[in-house]
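Overview (structure and organization)
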Amino acid sequence: MEWIERAPAKINLALDVLYKRDDLYHELEMVMASVDLADHLTFTPLEKDEIRIYTNKVFLPVDTRNHVYQAVKLLKDRCGIKKGIKIEIDKKIPVAAGLGGGSTDAAAALRALNKIWDLQLSVEELIAIGNQVGSDVPYSIVGGTAFVSGRGEIVRKLRPMPSCWVILAKPRLSVSTKTIFRLLAVEQLQHKPTSRIVAQAIEEGDYERMCQNVGNALEQVTFNKHPELRQLKDRMEKYGLDGVTMSGSGPTIIGFSRNTSRIKRAYNSLRGFCEEVYMVRLLNEE
């Protein structure tokens, strides 16, 4: 028996860093949405009690460093599972791009194995496991449009984000989330928090207000380290997109438009300037 689970990429419409907590994590408020760029995971039961990971990207680790491996191991330990599983990961989401590729794969593994092994764990129980793997895993378990807070473990579903095209532009560089947060000095941030405004705009179906308030506190740190990303954002804004911001810790810059011809022009223009460009739709449109 094989089981295939889809693992959609996420985008950050807003990402606010409020303060550094006593446990040394940062208190965050974010608005996230799922798009139709996705990895696919294929699960095959094994007779031997082992976890075997395969991927179409040769540079990705398939051992205990892999987020899927970590999630499966935690799930097995939590539920006393002595069964084996082979997981083949067909990667489409760019790696280290701010699009949650590793996190969404881990979340997909938890969702799928909860069904395959008939564990009957609640979403809250899956989130508790996923939170031990990475801060974006809890959101990825839930998916859709959501307001996310804490270090990422508090996920509140929102009504579907207003319908639009989304363009994702990922240059030829990778960004380490750990490095960006290590360089982050909250007291020096010039970013004004907008996550609650964006969430309210989405709840009211106000596309224009949503686009006017997209933003990311981490841009200040990532752009200082990689100035070419500021140039990429400026270029996308000049194409007339309705809202432009960085997703996650970068380097992917995202833009929104309801005008099909405008988004296509931006897509074609960016392809000559940027390593990877995607024109995608939301997974939970109205």
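Here the structure is a predicted model, which means the values were calculated and not measured.

Below, the discussion takes up the overall build of the chain. Helix and strand counts for the chain stand at 10 helices and 11 strands. Its C-alpha atoms give the chain principal-axis dimensions of about 55 × 45 × 35 Å. Here the chain holds 286 residues, and the buried ones make up 56% of them. In the chain, the proportion of contacts linking residues at least 24 apart, taken out of those at least 6 apart, comes to 74%. Carbon and sulfur atoms make up 47% of the accessible area of the chain, which amounts to about 13000 Å² in all. Of the charged side chains in the chain, 40 are positive and 36 negative; the average position of the first set lies 4 Å away from that of the second.

Bringing the packing of aromatic side chains into the picture now. Any two aromatic rings considered together are summarised by their centre-to-centre distance and by the angle between their planes. Tallied over the entire structure, the rule returns zero aromatic pairs. Note that R258 overlies the ring of Y207, its terminal NZ or CZ placed 4.2 Å from the centroid.

Spatial ordering of the open sheet is given by β9-β10-β7-β11, a layout of four strands whose pairing is antiparallel. The sheet terminates laterally at β9 (243–246) and β11 (276–281), the two strands that pair on one side only. When strand polarity is set aside, the average angle formed by the axes of neighbouring strands in this sheet is 20°. In this sheet, β11 lies alongside strand β7 (residues 165–170) in antiparallel orientation, the contact comprising six bridges. In the strand pairing of β11, K170 is matched with E276.

Mapped onto the elements, W117 comes out in the loop between α2 (101–116) and α3 (123–130). On the accessibility criterion, W117 (8% relative accessible area) is buried. Along the primary structure W117 and I81 are separated by 36 residues, whereas in three dimensions their C-alpha atoms are 8.4 Å apart.

Moving on, we come to the nonpolar core. Counting residues in hydrophobic clusters, the biggest one holds 34 residues, and the most contacted among them are V17, I167, L184, L218 and M236. Shared between two domains, this core holds at least three residues of each, these being domain 1 (3–157) and domain 2 (165–281). Beyond its immediate chain neighbours, meaning those up to four positions away, L184 contacts V17, H26, L189, L218 and V221.

Once that is clear, we can look at the domain arrangement of the chain. Each assigned domain of the chain is listed here: domain 1 (3–157) and domain 2 (165–281). Averaged C-alpha coordinates put domain 1 and domain 2 at centres separated by 23 Å. Interface area, domain 1 with domain 2, both sides summed: about 2400 Å², of which 63% is carbon and sulfur. Our count for the domain 1 to domain 2 interface comes out at one salt bridge. Linking R196 and E29 is a salt bridge whose minimum nitrogen-to-oxygen distance equals 2.5 Å. Across the domain 1-domain 2 interface, the total number found is 15 residue pairs in polar contact (both at pLDDT 80 or more). Among the elements of the structure, β1 (3–20) and β2 (26–46) are those that each provide at least two residues to the side of domain 1 that touches domain 2. Take the side of domain 1 that touches domain 2: its biggest share by element is 11 residues, from β1. Among the residues making up the side of domain 1 that touches domain 2, the classes are represented as 18 nonpolar, four polar and seven charged.

Rules used in this analysis
- Residues numbered from 1 in each chain as written.
- Predicted model: local features only at pLDDT ≥ 70, side-chain atom pairs only at ≥ 80, totals over all residues.
- Heavy atoms only, no water.
- Helix = DSSP H or I, 4+ residues; strand = E, 2+ residues; numbered from the N terminus.
- Buried < 20%, exposed > 50% of the residue type's maximum accessible area, 1.4 Å probe, protein only.
- Contact = heavy atoms within 4.5 Å.
- Areas by Shrake-Rupley, 256 points an atom, 1.4 Å probe, with all protein chains shown as cover.
- Lys, Arg positive; Asp, Glu negative; His and termini not counted.
- Charge placed at Lys NZ, Arg CZ, Asp CG, Glu CD.
- Phe/Tyr/Trp six-rings, centres within 6.5 Å; stacked < 30°, edge-to-face > 60°.
- Lys NZ or Arg CZ within 6 Å of the ring centre and 35° of its normal.
- Pairing = 2+ DSSP bridges.
- Axes fitted to C-alpha atoms, helices over the stretch in contact; angles between N-to-C directions.
- Core = buried A, V, L, I, M, F, W, Y, C linked by side-chain atoms within 4.5 Å.
- Domains from an automatic or database assignment.
- Buried area = accessible area lost by both parts, 1.4 Å probe.
- Salt bridge = Lys/Arg side-chain N within 4 Å of Asp/Glu carboxyl O.
- Polar contact = N/O pair within 3.5 Å; in protein donor to acceptor, adjacent residues only side chain to side chain.
- Nonpolar A, V, L, I, M, F, W, Y, C, P; charged D, E, K, R; others polar.

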